[in-house]
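Secondary and tertiary structure notes
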Amino acid sequence: MSFDIAQRRADFPSLARVVAGHPAAYFDGPGGTQVPRHVIAAISSYYETSNANAHGPFVTSVETDAIVWETREAMAAFLGASSPETISFGANMTSLAFALSRAIARSIRAGDEVLVTDLDHEANRGPWLALAEHGAIVHSVKMTTGGQIDMDDFQSKLSDKTKLVAVGYSSNSLGTVNDLPRFREMSRSVGAWLLVDAVHYAPHFPMNASELDPDFLLCSAYKFYGPHIGVLYCREGLLDSLKTDKLRPQLDDAPYRIETGTLNFAALNGVKAAVEYIASFGDGDTLRERVLDGMAIIHRYEDELARHFYTELAKMSHVTIYGQPFTAGLRAPTVSFTVDGVNSEEVAKLLGEQGLFVWGGHFYALRVYESLRLEDKGGLVRVGISLYNTREEVERLLEAIRGLQR
Ligand SMILES: Cc1ncc(COP(=O)(O)O)c(C=O)c1O
């Protein structure tokens, strides 16, 4: 199946938006992608036909249960997870991470150690830093100026006291893709749990949770064309062993054990539709095969555009690019930079006025911002490429950045 960009763009109603006479160009995907009409229709159709609370005896409730289960199946196919029982839902990644942190806290013993990294979003740091309140010793692994995790520092901080290693699959700030199989191997060698923040990786690369075999993995559907829902994968059997926050009548087993209160069923129907949307680009007999093929197509398309953007940006003498170049290995199509003499937040504002939506600041990757000493530059300007971006949009953006030379 081929990827026809004009056809794909027609799927996204919001791309028709005009800002001060300029068509909106959405380079803010790392903050949240636009939503195709298939997903929007799935959300509204839930309210039109099946709106009810779960676990009831009547038809709309039975349909709601089916939708939630089918969404778990879809997410298992998306992540390459072994079963729908490994998939739990929550309001967003951060809330699920804090819920998991409270559960893990109940098994922490004084002297247990936890490793987080300086490259990570605060959502993959704060919940684990909070384990210090329960007696854990939390270390943060340094990052290099090139935007990599310092593996020597990681090695030196890892020990048989390490209970949990929390690491991002890809940096939402610099686009770095970490060598997760290596983290898996090293964490397992000391008996530590590996928790992966896949929020920035999931929209750009095919994922295989069964092969990677992390203990926990988190992502957020609004980063891959779905609604605002957080997703938690827990290795089979692991969630059942954790003491989660739980009401007495709440179901005891995975995947329900960590799902407190009523889920956002309409949005979950949208998550299923988002996975099906991605799968619709690909070939294959099963949803999993189509997702893998669809994600590979998205990856190739985004990667080519991002490389072009990076190459042209690198020619501008008033621009400094942060993070590793595309030639150095696998990275996400997310390019961050500063412009000489213009604060990054101001750059984002100026570009936004021309209908070019980019972020300026720290994007909650606070340690990156601090480690690279970006405070007086207003952080970074971040350009994210998503499946609906075009070469023309990239040229427009490049031209606007050239125009910022003072
Ligand atoms: C890498 C990364 N991790 C975690 C999060 C937090 O996700 P959520 O907004 O679903 O809590 C984000 C959000 O931008 C992110 O980019």
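A word on the packing of aromatic side chains
Scanning the entire structure with this criterion turns up 15 aromatic pairs. Ring geometry for Phe78 against Phe224: centres 4.4 Å apart, planes inclined by 25°, an arrangement best described as stacked. With Phe78 in helix α3 (residues 59-79) and Phe224 in the loop between β9 (216-220) and β10 (230-234), the pair connects residues that are 146 residues apart, well separated along the chain. An identical accessibility class is assigned to Phe78 and Phe224; each is buried. Centroid distance Phe154 to Phe183: 4.7 Å. Interplanar angle 55°. Geometry classified as tilted. Taken together, the residues span a long stretch of sequence, with Phe154 in helix α6 (residues 151-157) and Phe183 in helix α7 (residues 180-189) at a distance of 29 residues. Judged on exposure class, the residue Phe154 and its partner Phe183 are both buried. A cation sits over an aromatic face here: Arg331 above Phe326, 4.4 Å from the ring centre. Residue placement shows Arg382 over the ring face of Phe363; its charged tip is 4.1 Å from the ring centre.

What to know about the pairing of strand β5 (residues 113-117)
For β5, the tally of buried residues reaches 5 of 5 residues, placing the bulk of the element in the interior. Burial of the side chains of β5 extends over both faces: Glu113, Leu115 and Thr117 are buried on one face and Val114 and Val116 on the other. Looking at chain direction, β5 and strand β6 (residues 137-141) are connected through 5 bridges and run parallel. Bridge pairing in β6 links Val116 to Ser140.

Considerations on the pattern of salt bridges
Within this structure, the stated rule accounts for 23 salt bridges. Ionic pairing is found between Arg9 and Glu393, a salt bridge with its closest N-O pair at 3.2 Å. Here Arg9 is found in helix α1 (residues 5-10), whereas its partner Glu393 is found in helix α13 (residues 391-402), with 384 residues between them in sequence. Judged by relative accessible area, which is 6%, Glu393 ranks as buried.

What about the side chain of Asn389?
Here Asn389 shows up in the loop between β15 (380-384) and α13. Among the residues examined, Asn389 registers a relative accessible area of 0% and is labelled buried. Within the local environment of Asn389, its side chain forms a polar contact with the backbone oxygen of Tyr26, the two atoms lying 3.0 Å apart. Not counting the four nearest positions on each side in its chain, Asn389 is found in contact with Ile5, Tyr26, Phe27, Tyr301, Leu305 and Gly384.

So, how was this worked out
- Residues numbered from 1 in each chain as written.
- Predicted model: local features only at pLDDT ≥ 70, side-chain atom pairs only at ≥ 80, totals over all residues.
- Heavy atoms only, no water.
- Phe/Tyr/Trp six-rings, centres within 6.5 Å; stacked < 30°, edge-to-face > 60°.
- Helix = DSSP H or I, 4+ residues; strand = E, 2+ residues; numbered from the N terminus.
- Buried < 20%, exposed > 50% of the residue type's maximum accessible area, 1.4 Å probe, protein only.
- Lys NZ or Arg CZ within 6 Å of the ring centre and 35° of its normal.
- Pairing = 2+ DSSP bridges.
- Salt bridge = Lys/Arg side-chain N within 4 Å of Asp/Glu carboxyl O.
- Polar contact = N/O pair within 3.5 Å; in protein donor to acceptor, adjacent residues only side chain to side chain.
- Contact = heavy atoms within 4.5 Å.

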